[in-house]
Amino acid sequence: MRRACVIGWPIEHSRSPAIHGYWLNRYGIDGSYTKEAVQPGRLEGFLRLLATNGYRGCNVTIPYKEDALHLVDEADETATAIGAANTLWLEDGRLFATNTDAYGYMAYLAARAPNWQRRDAPVAILGAGGAARAIVHGFLEAGVSEIRIMNRTRDRADALALNFGRRVKVKDWSERSAAARDAAVLVNTTAVGLKGEGELGIDFAGFHPECIVSDIVYVPLETALMRDARQHGLKTVDGLGMLLHQAVPGFEKWFGVRPEVTPELYERIAAGIVEAR
Ligand code: ATR
């Protein structure tokens, strides 16, 4: 039996087992995907015993994505550029790492809004944490000419911009609405809006009618930011699709089949989110 898992601390709320479990069942694979709670300080030991414990690899979630990058034998260019790893796999006894968050975000954006790149317009990003780094990397790879970062703590945005080069610009948090008005895509990468908490304070008046507003928060499925954007006639993209798509490359590495993100999978995971609220 092929085995993989997701590691984090805490890990109870991870939806990854439901996603991979759906695919294992759908493709009739003799495999398992479980949750492993790894206590602080135990990450290195856990990874060293991955093969001994019968795993072909694992997903890594909060708070270990940055640490994992430095504990593997080889991290690919994507994980290195993002500064974090979320997907690990064993090959000939060596542990490899990549980061599939940028892929997941861009794949879902392309599926839901295939024309997002039609205008040569900047992309506006709220937040400058780990999730923002992945999404900046995704947009840079897609060839956008300007990315504007707005973060509550300006220094963090400046550090991120410095790291990614001249196409990434920083605007003050107080300018976030004005800086996003002509954007092709506005993305919230902060946790604001999670479980209905907090308010990003974006004023959608005067936004370009083709601006796509996306949120990586997926609880609730439609965040306050998305609702507000929709009420202003803007197209929105939810955060759940990113979660589903980021799981695809890992499943393929561990179980040998490139799985499909189907409407049925989306509905199943969405139902779990609605139930949990
Ligand atoms: P992640 O890895 O999920 O991106 P993170 O690295 O902790 O998490 O980053 C969280 C992001 O959400 C940061 O950009 C943070 O802003 P600060 O750098 O100013 O802390 C942002 N954030 C969290 N709470 C916020 C709030 N109430 N208002 C605005 N931004 C907030």
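Scroll up to find the structure.
Treat the numbers as computed from the prediction; the structure is a model and nothing was measured.

S.K.: What exactly am I supposed to notice about the sheet that holds strand E9 (residues 168–171) here?
M.R.: Within a beta sheet, neighbouring strands are joined by backbone hydrogen bonds and run either parallel or antiparallel to one another. Read from one edge of the open sheet, 6 strands run E9-E8-E7-E10-E11-E12, paired in parallel fashion. Edge strands, defined here as strands with exactly one partner in the open sheet, are E9 and strand E12 (235–237). For this sheet the average axis-to-axis angle between neighbouring strands, irrespective of direction, equals 20°. Pairing geometry for strand E8 (residues 147–150) and E9, over 4 bridges, is parallel. Within E9, the residue paired with Met150 across the bridge is Lys171. Against the sheet, helix H5 (residues 101–112) touches strand E10 (185–188), strand E11 (212–215) and E12, its axis set at about 145° to E12.

S.K.: Help me understand the pairing of E11 in this model?
M.R.: Two faces make up the sheet, and in a regular strand the side chains alternate between them. Along E11, one buried face is formed by Ile212 and Ser214 and the opposite face, lined by Val213 and Asp215, is buried too. Judged from the 4 bridges that link them, E10 and E11 form a sheet pairing that is parallel. Note that in E11 the partner of Val185 across the bridge is Ile212. Relative to E12, E11 runs parallel, the two being bridged by 3 bridges. For Ser214, the partnering residue across the bridge sits in E12 and is Val237. Each parallel crossover has a hand, and the one from E11 via helix H9 (residues 224–231) to E12 is right-handed.

S.K.: I tried to follow unusual backbone geometry on my own but got confused; where do I start?
M.R.: Trans peptide bonds make up most of the peptide bonds, and negative phi angles are found at most residues other than glycine. Residue Pro10 is bonded to the preceding Trp9 through a cis peptide linkage, with omega at 0°. Structurally, Pro10 is set in the loop between strand E1 (2–8) and helix H1 (16–26). Cis geometry is adopted by the peptide bond preceding Pro220, which originates at Val219 and carries an omega value of 5°. Assignment of secondary structure puts Pro220 in the loop between E11 and H9.

S.K.: Sorry, what's going on with H1 here?
M.R.: Three or four residues apart is the spacing at which side chains of an α-helix point the same way, because the helix has 3.6 residues per turn. Among the residues making up H1, those that are buried are Ser16, Pro17, Ile19, His20, Tyr22, Trp23 and Leu24. Residue Gly28 follows H1 closely and has a positive phi angle near 60°.

S.K.: Explain the site of the ligand here, please?
M.R.: Gly127, Ala128, Gly129, Gly130, Ala131, Asn151, Arg152, Thr153, Arg156, Trp173, Thr190 and Val192 make up every residue found near the ligand. A distance of 2.9 Å separates an oxygen atom of the ligand from a polar backbone atom of Ala128. Here an oxygen atom of the ligand sits 2.6 Å away from a polar atom, N or O, in the side chain of Asn151. Look at the ligand: alone it shows 640 Å² of surface, and the protein chains cover 65% of it.

Calculation rules
Residues numbered from 1 in each chain as written. Predicted model: local features only at pLDDT ≥ 70, side-chain atom pairs only at ≥ 80, totals over all residues. Heavy atoms only, no water. Pairing = 2+ DSSP bridges. Helix = DSSP H or I, 4+ residues; strand = E, 2+ residues; numbered from the N terminus. Axes fitted to C-alpha atoms, helices over the stretch in contact; angles between N-to-C directions. Contact = heavy atoms within 4.5 Å. Buried < 20%, exposed > 50% of the residue type's maximum accessible area, 1.4 Å probe, protein only. Right-handed = clockwise from strand over helix to strand, strands pointing away. Near = heavy atom within 4 Å. Polar contact = N/O pair within 3.5 Å; in protein donor to acceptor, adjacent residues only side chain to side chain. Areas by Shrake-Rupley, 256 points an atom, 1.4 Å probe, with all protein chains shown as cover.

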